[in-house]
Amino acid sequence: GKRKKLYSAVLYDSDESEDSDILVRKVYAKRHCVMDEDDSSEEHQTDKTENTSSRKQNMFAKLKDLARQRATRRSCSSENCEDSNDEAEEEPLCHLLHSTTESSETDSDSMKDFVVEEDDDDNIEHAQSETQTQQKELQISRCSHYVHFQRIVRAFLINAIDDTFLNSLYDGTRRKKYAQDMLLSLHYLDDRFIQPRLENLISRSRWKDRYKERVDCYPDVRIVMKNSKLMSCQACEMNRYCKFNVLLSGKLYNSRTLEVDDFMSDDKQILKVGKVCADRTRVYHNLKHYKYKLYMDCSSVAELDGVVDEPVKDTVDRLFSHLEDSGWIQKRYSDLEDYMNDADNFQEEK
């Protein structure tokens, strides 16, 4: 029979001798590991199955987390949070699991169907911020201008009795809904009614910054007609026939909390200006210091009521009802509308 070929190395060694013709066989001992082919394939298949199962479990956990984030994002922009959470969590999860199962059958190593952006958290925060802004604007739009004004009057009455109220309102100490509504209305008065018109009046004028700062600082103004004089207007510094004296006085105050600063309380300014600048000063000053004047009026009402031994809320409710019934609140609101109309219709500087 034929001999089987051995896995050995055969070397011919001449021993550096011509006479030596001996065949030298060197066999390197090798350990042969005989494995059953069926057992190997089963073990390999088991490992592959375990790896696939582990990978699917990891993918499932990540997909579930992603679905939860998406559901949270949807629920933030929905009015019915409970319903939208349930629906939004089930639908994306089922859809993602189905699409990922199909992908894993064709290519178990592919993760193309599962992509998480690095800035996903930033997107969620941005979406939540936009939602809060939209809700705030919706809340504002649902209130009439007069409702905002009524809230402001009530807030000023409270502060007239408790002078820490406005300060605690702006620093975020008071978190109850009624306080937040008042704060919203105060911002509405400043940001929607007053400030845009003040900026428009200034942008269309030739006022110097120094004159504007003076008008901003003094809550009281008197504009008196005098003899006309050709000179440099102290508001715009243009040569004009100036026949109006602007008398500025009053205490400096905080534009938010309306707290008064007694520093140089008796200081006064007298400035001679032309007709257009005098008219603009009147319109600008009426709007600029309207909120402070309204607060001072509310304080006077509270002081005239006298000291009554009752809770602040009851006192405010009683005073507010009296002011509403007497038409006092409506009159102050009409004054504000007139001031805004004057600002909107004021002519541009020529």
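Residues numbered from 1 in each chain as written. Predicted model: local features only at pLDDT ≥ 70, side-chain atom pairs only at ≥ 80, totals over all residues. Heavy atoms only, no water.

For the chain, the name recorded in an unreviewed UniProt entry is CCD82 protein, with Psilopogon haemacephalus as its organism.

I'm lost on the environment of Lys 226 in this one. Help?
In this fold, Lys 226 is placed in strand 3 (residues 220-232). Separated by 16 residues in the primary sequence, Lys 226 and Cys 242 place their C-alpha atoms 8.5 Å from one another. In this view, Lys 226 contacts Lys 243, Asn 245 and Lys 272; residues no more than four positions away in its chain are not counted. (Helix = DSSP H or I, 4+ residues; strand = E, 2+ residues; numbered from the N terminus. Contact = heavy atoms within 4.5 Å.)

Mind showing me how you'd approach the packing of aromatic side chains here?
Counting across every chain of the model gives 8 aromatic pairs. Relative to Tyr 333, the ring of Tyr 146 has its centre 5.3 Å away and its plane inclined at 80 degrees; by these criteria the two rings are edge-to-face. Highlighted residues: Tyr 146 in helix 4 (residues 145-161) and Tyr 333 in helix 11 (residues 328-344), separated in sequence by 187 residues. Neither residue differs from the other here; Tyr 146 and Tyr 333 are each classed as buried. Consider the rings of Phe 156 and Tyr 295, whose centres lie 5.5 Å apart with planes at 75 degrees: the pair is edge-to-face. Taken together, the residues span a long stretch of sequence, with Phe 156 in helix 4 and Tyr 295 in helix 9 (residues 290-305) at a distance of 139 residues. As far as the burial class goes, Phe 156 and Tyr 295 line up, both buried. (Phe/Tyr/Trp six-rings, centres within 6.5 Å; stacked < 30°, edge-to-face > 60°. Buried < 20%, exposed > 50% of the residue type's maximum accessible area, 1.4 Å probe, protein only.)

Please explain the packing of helix 4 against helix 6 (residues 177-203) as it appears in this structure.
Packing of helix 4 against helix 6 brings their axes to within 8 Å, and their N-to-C directions diverge by 115 degrees. Considering the relative orientation of helix 4 and helix 6, their crossing is left-handed. Where helix 4 abuts helix 6, its residues His 145, His 148, Arg 151, Ile 152, Arg 154, Ala 155, Phe 156 and Ile 158 lie against Asp 181, Met 182, Leu 184, Ser 185, Leu 186, Tyr 188, Leu 189 and Phe 193. Looking at the contact of helix 4 with helix 6 residue by residue, the class counts come to 10 nonpolar, 3 polar and 3 charged. (Axes fitted to C-alpha atoms, helices over the stretch in contact; angles between N-to-C directions. Left-handed = near helix turned anticlockwise from the far one by under 90°. Nonpolar A, V, L, I, M, F, W, Y, C, P; charged D, E, K, R; others polar.)

Sorry if this is basic, but what is going on with helix 6 here?
Along an α-helix, a turn takes 3.6 residues, which lines up residues three or four apart on a common side. An ideal rise of 1.5 Å per residue puts 39 Å on 27 residues; helix 6 measures up with 37 Å between its terminal C-alpha atoms. At Ile 194, helix 6 shows its strongest bend, of approximately 40 degrees, with the proline Pro 196 following within four residues. (Expected span 1.5 Å × (residues − 1). Bend = angle between axes of the 7 residues up to and from the residue.)

Would you explain the pairing of strand 4 (residues 239-249) in this entry?
Two faces, one strand: in a regular strand the side chains alternate between the faces of the sheet. Pairing of strand 3 with strand 4 involves 10 bridges; the strand directions are antiparallel. Looking at the pairing, Asp 220 lines up with Ser 249 of strand 4. Hairpin connection from strand 3 to strand 4: 6 residues lie between these consecutive antiparallel strands, with Glu 237 at a positive phi of about 60 degrees. One ladder, built from 5 bridges, connects strand 4 with strand 7 (residues 269-273); its direction is antiparallel. Bridging across to strand 7, Phe 244 finds its partner in Val 273. (Pairing = 2+ DSSP bridges.)

Sorry, what's going on with the pattern of salt bridges here?
Side chains that differ in sign of charge can pair as their charged atoms come close. One pass over the structure, following the stated rule, counts 14 salt bridges. For Asp 181, the salt bridge is made with Lys 177, and the minimal N-O distance between the two is 2.9 Å. A residue pair is termed a helical-turn pair when its members lie 3 or 4 positions apart in one helix, as Asp 181 and Lys 177 do in helix 6 at 4 residues. With a relative accessible area of 11%, Asp 181 lands in the buried category. Accessibility expressed as a relative area gives 60% for Lys 177, which makes it exposed. Put simply, Arg 154, Lys 313 and Asp 317 are held in one network by salt bridges that share partners. (Salt bridge = Lys/Arg side-chain N within 4 Å of Asp/Glu carboxyl O.)

Help me understand the state of the cysteines in this model?
In a disulfide, the sulfur atoms of two cysteines are held together by a covalent bond. As enumerated under the stated definition, the model contains 0 disulfides in all. No disulfide involves Cys 233; its sulfur sits 3.8 Å from the nearest other cysteine sulfur, which is in Cys 277. (Disulfide = S-S within 2.5 Å.)

What am I meant to see in the layout of surface pockets here?
Rolled over the atoms, a probe with the dimensions of a water molecule shows which regions are left empty. Space inside the largest pocket adds up to approximately 290 Å³. Surrounding the largest pocket, 14 residues form its lining, Asp 190, Gln 195, Ser 255, Lys 288 and Lys 291 being those nearest its centre. Taken together, the elements giving at least two residues each to the lining of the largest pocket come down to helix 6, helix 7 (209-217), strand 5 (252-253) and helix 9. Of all the elements, helix 6 adds the most residues to the lining of the largest pocket, at 5 residues. Looking at side-chain class alone, the lining of the largest pocket contains 6 nonpolar, 2 polar and 6 charged residues. (1 Å grid on protein atoms, 1.4 Å probe; cavity = no way out; pocket = protein on both sides within 12 Å on 5 of 7 lines; lining within 4 Å. Points joined across faces, edges and corners; volume = space filled by probe spheres on them.)

How do you make sense of unusual backbone geometry when you look at a structure like this?
The bulk of non-glycine residues show a negative phi, and the bulk of peptide bonds are trans. Phi is positive for Glu 237, which is not a glycine, with a value near 60 degrees. Looking at the secondary structure, you find Glu 237 in the loop between strand 3 and strand 4. Despite not being glycine, Leu 258 shows a phi value in the positive range, around 65 degrees. Note that Leu 258 resides in the loop between strand 5 and strand 6 (260-261). Leu 258 sits in the buried class, given a relative accessible area of 3%.

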